Each structure stands twice: as structure tokens, then as C-alpha cells.
Amino acid sequence: MSTSSTQHAPTAKTTSYVVGAYAASPAHGTWHPDLEEEFYSGLAAMPRVNALEIPWLGRLHPHDDRWLLTHFPSRFTAVVTGIGNVMSTADELGLASPDEDARNKALATTKQLLGDVRRFNDEVGRQVVSAVELHSAPRGTGTADALAASLAEVATWDWDGAQLLVEHCDAFISGQTPEKGFLRLEDEIAAIRASGAPVKISMNWGRCAIELRGGDQVADQVGEAAASGLLDGIIFSGAADREGEAGYAWIDAHHAFQRSPQHQLGDPTSLLTEERVADALRAARSAGDANAPQWLGVKVGWAHPAGTVAERLQMVADALDGVERAKRS
């Protein structure tokens, strides 16, 4: 996303971040518009944030599209992810399905997503959606050839200027219970190249850790994506190798940073630490400035049994602080 100069050091650049805010929302599971409005207002007051990741579940908002269209902060853009809807049919359908009927059904659903992206822009009266995250479903049976064919077609549609991305999720590994179980990163890279389409890749740190069954190996996978020249963005979201407040081991629950003095609202089971963020960022930079990600983000879930909007906002702010420190290390 964009960068801006500081008042005291005109040449210094500061990152603007994407926040996957729905993971920490007080009104995502049960609708409370007053709490959601307070939450959005708090995010809009964070100068480092300039975009929200919006989950598409067959609609733009899990409870009230009209609310989102009238309350979306005026200075924000949106990264729309289709993962929630994809998971509802991930055992049968997907853009990477080798079965033509199943692939065509996934393409039809993607066209519905396109319609909502255009509606979002039209009703707000500006280009809100900066990027759209697609996925290499179905679970366990996808192929790079099928994904390439789908991307080639999808890229011919008018996305109102949004960057199309394949978000890498945990790949299907024989003998390992998946959360998503989609294509391996190398197959997604091959599919994008074969498609000839202007599609890039986004990474989610936690989903990489789930695939790799550990946090120390994620930096190498980020480096692989960067070296391909296709890495557009990284969202830092945690994972855990044991059961905790967020659920079972290796659940895709967007764990916060590991609890520490800097992350007092963090998750004690989380593998996401500032040191591992720094490793991932160094791996991305090692591929060269031209291949470095264009944007960074955080998506941290609220796993505690209770909590105020202010506490949830503090957890997000602490996560942003953690990525900033990691960038400087």
C-alpha cells in the first residue's frame, strides 16, 4: 500500500498496514452494530492503518451489507478475501479443481464475488477494493493446470482496478490433517506463471506455520515467494502447536502474538513472535527490493472469554508495534 513521509524526517518512509479486523471484531459472530461502529472508529483513528481485510461469505458483511457500505472509513481501502465462502465448499469445489463441472461452479461463485467488489466501489463512490484474494481449493485434489486455467479466465474480467492475489494457505500434506489443504506454494507459483495473468501472491504467516508444523520454517517459505517475484503482501497472523483458548493445535484461528511484556493481550500458545516476523521480513528483503512485498498486515484474533472494544483495539495496536519493531531489527 502507500507510504508517507514524517514531518521531522522528510526522507523517512513509514509502512501503512492492512488489518484483518474481523478476527478481533466484537460483532463478527453475533451482530452488535454499536460495538462494530466503535471498533471501526478506533481502527480509523490509527494513522498506520489504511486498509481492512474484508471477508466475503457470499456477501460483503456477515450480518449487514448496508451497514458496511455506509460505515466503511472514508480513508481506508479494502482487501477482499473469499476464503470464508471457499471453505463452505472446499471438499468439492475450487478454482484448482480438475473436475470441469466443479471448477465452473467455483468460477460462477467468483463472478458473484466480482459483482460485490464492483458494488462496493459503486455504492461508496470510489475505488475501495485494492486487492482480491483468491484460493487454490479444493482440499487435497487441486492441480496447478486447473488453477492456471481459472486464473487466465478470471483475469479477463473487469475487477475495477483491484489486484488479484492467490493467498497461500496450508497445503495438503499426506499424513497431516489440514486446515485448508490447498496447493503447495510452488504449484501456485507455477499456475500463475502458466496462466500469463497479472496475478500475484499474498502470504499469511499463521497458515504457513500450520502447513509447516512450526514457526521457524516460515521465513524460508516467504523467501521462496519473494524470489518468485510474485509476492505482493504478507499478513502476520499466528498459529499454535498445542490446544489453547483459540482451540485445538494447528487450528486456523488467527492467534495473536505470543504473550509477552510487549503483547500483554497476546496468546501464550502462539508461535508468532517479533523475532520470527523479523526473520520473515529479512527473507523477503533478501530477494531484492524489486521483489519485496508491497504491503504488510496483521490479523490477530480475540480468543479471550470477554473483553472490551478498547482491549481489542489495543491488541491490534500492539501487533502493529511488533511488526514495526521487527522491521527495524
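For the structure itself, look to the data block above.
Model, not experiment: these values are computed from the prediction. (Residues numbered from 1 in each chain as written. Predicted model: local features only at pLDDT ≥ 70, side-chain atom pairs only at ≥ 80, totals over all residues. Heavy atoms only, no water.)

Draft legend 1. Here's a closer look at the packing of helix 6 (residues 185-195) against helix 8 (residues 218-227). Packing of helix 6 against helix 8 leaves a shortest axis separation of 11 Å and a crossing angle of 10°. With respect to helix 8, the axis of helix 6 lies roughly parallel. Across from Leu-185, Glu-186 and Ile-189 in helix 6, the residues of helix 8 making contact are Gln-221, Glu-224 and Ala-225. Considered class by class, the residues forming the contact of helix 6 with helix 8 number three nonpolar, one polar and two charged. (Axes fitted to C-alpha atoms, helices over the stretch in contact; angles between N-to-C directions. Helix = DSSP H or I, 4+ residues; strand = E, 2+ residues; numbered from the N terminus. Parallel < 35°, antiparallel > 145°, perpendicular 65-115°, else oblique. Contact = heavy atoms within 4.5 Å. Nonpolar A, V, L, I, M, F, W, Y, C, P; charged D, E, K, R; others polar.)

Draft legend 2. Structural context of the side chain of Asp-116. Secondary-structure assignment places Asp-116 in helix 4 (residues 100-124). Residue classification places Asp-116 among the buried residues on the basis of a relative accessible area of 11%. In this structure Asp-116 touches Trp-56, Gly-58, Arg-59 and Leu-60, once residues within four positions along its chain are discounted. (Buried < 20%, exposed > 50% of the residue type's maximum accessible area, 1.4 Å probe, protein only.)

Draft legend 3. Here's a closer look at the sheet that holds strand 4 (residues 49-55). The strand order around the closed barrel built from eight strands is 3-4-5-6-7-8-9-10, with neighbouring strands paired in parallel fashion. Strand-to-strand twist in this sheet, taken as the mean axis angle between neighbours without regard to direction, amounts to 30°. Bridging between strand 6 (residues 129-134) and strand 7 (residues 163-168) involves four bridges; their strand directions are parallel. Paired with Val-132 across the bridge in strand 7 is Leu-164. Taken strand by strand, helix 7 (residues 205-212) contacts strand 7, strand 8 (200-204) and strand 9 (231-236), and its axis lies near 75° from that of strand 8. Its contacts with the sheet place helix 8 against strand 7, strand 8 and strand 9, and it is angled at close to 155° to strand 9. (Pairing = 2+ DSSP bridges.)

Draft legend 4. Main features of the state of the cysteines. One pass over the full model with this rule turns up zero disulfides. The structure places no disulfide on Cys-169, whose sulfur is separated from the nearest cysteine sulfur, that of Cys-208, by 8.8 Å. The class for Cys-169 is buried, based on a relative accessible area of 0%. The exposure class assigned to Cys-208 is buried, which follows from its relative accessible area of 1%. (Disulfide = S-S within 2.5 Å.)

Draft legend 5. The arrangement of the pairing of strand 4 in detail. With seven of its seven residues buried, strand 4 lies for the most part within the structure. Taken together, the three bridges between strand 3 (residues 17-19) and strand 4 define a ladder with parallel strand orientation. By the bridge assignment, Tyr-17 is partnered in strand 4 with Val-49. A crossover connection joins strand 3 to the parallel strand 4 through helix 1 (residues 33-44); in handedness this β-α-β unit is right-handed. (Right-handed = clockwise from strand over helix to strand, strands pointing away.)

Draft legend 6. Here's a closer look at the nonpolar core. With 87 residues, the main nonpolar core has Leu-43, Leu-52, Phe-72, Trp-159 and Phe-236 as its most contacted residues. The element contributing the most residues to this core is helix 10 (residues 309-328), with nine residues. The residues contacting Phe-72, other than those within four sequence positions of it, are Tyr-40, Leu-52, Ile-54, Thr-77, Ala-78, Phe-120, Arg-126 and Val-128. Core analysis: the second largest hydrophobic core is formed by seven residues, Val-18, Val-79, Ile-235 and Trp-295 among them. (Core = buried A, V, L, I, M, F, W, Y, C linked by side-chain atoms within 4.5 Å.)

Draft legend 7. The environment of Asp-289, seen in detail. Along the chain, the position of Asp-289 falls in the loop between helix 9 (274-285) and strand 10 (295-298). Taking the C-alpha atoms as reference, Asp-289 lies 9.7 Å from Ala-226; in sequence the two are 63 residues apart.

Draft legend 8. Fine view of the pairing of strand 7. Among the six residues of strand 7, five are classified as buried, and the element is accordingly described as predominantly covered. After leaving strand 6, the chain enters helix 5 (residues 144-154) and then returns to the sheet as strand 7, a path that is right-handed. Note: strand 7 against strand 8, four bridges, orientation parallel. Following the sheet pairing, Glu-167 is matched in strand 8 by Ser-202. Following the chain from strand 7 across helix 6 to the adjacent parallel strand 8, one finds a crossover that is right-handed.

Draft legend 9. Region of interest: the pattern of salt bridges. For the structure shown, the criterion picks out 20 salt bridges. Within this structure, Arg-59, Asp-65, Asp-116 and Arg-119 form a network of salt bridges that share partners. (Salt bridge = Lys/Arg side-chain N within 4 Å of Asp/Glu carboxyl O.)

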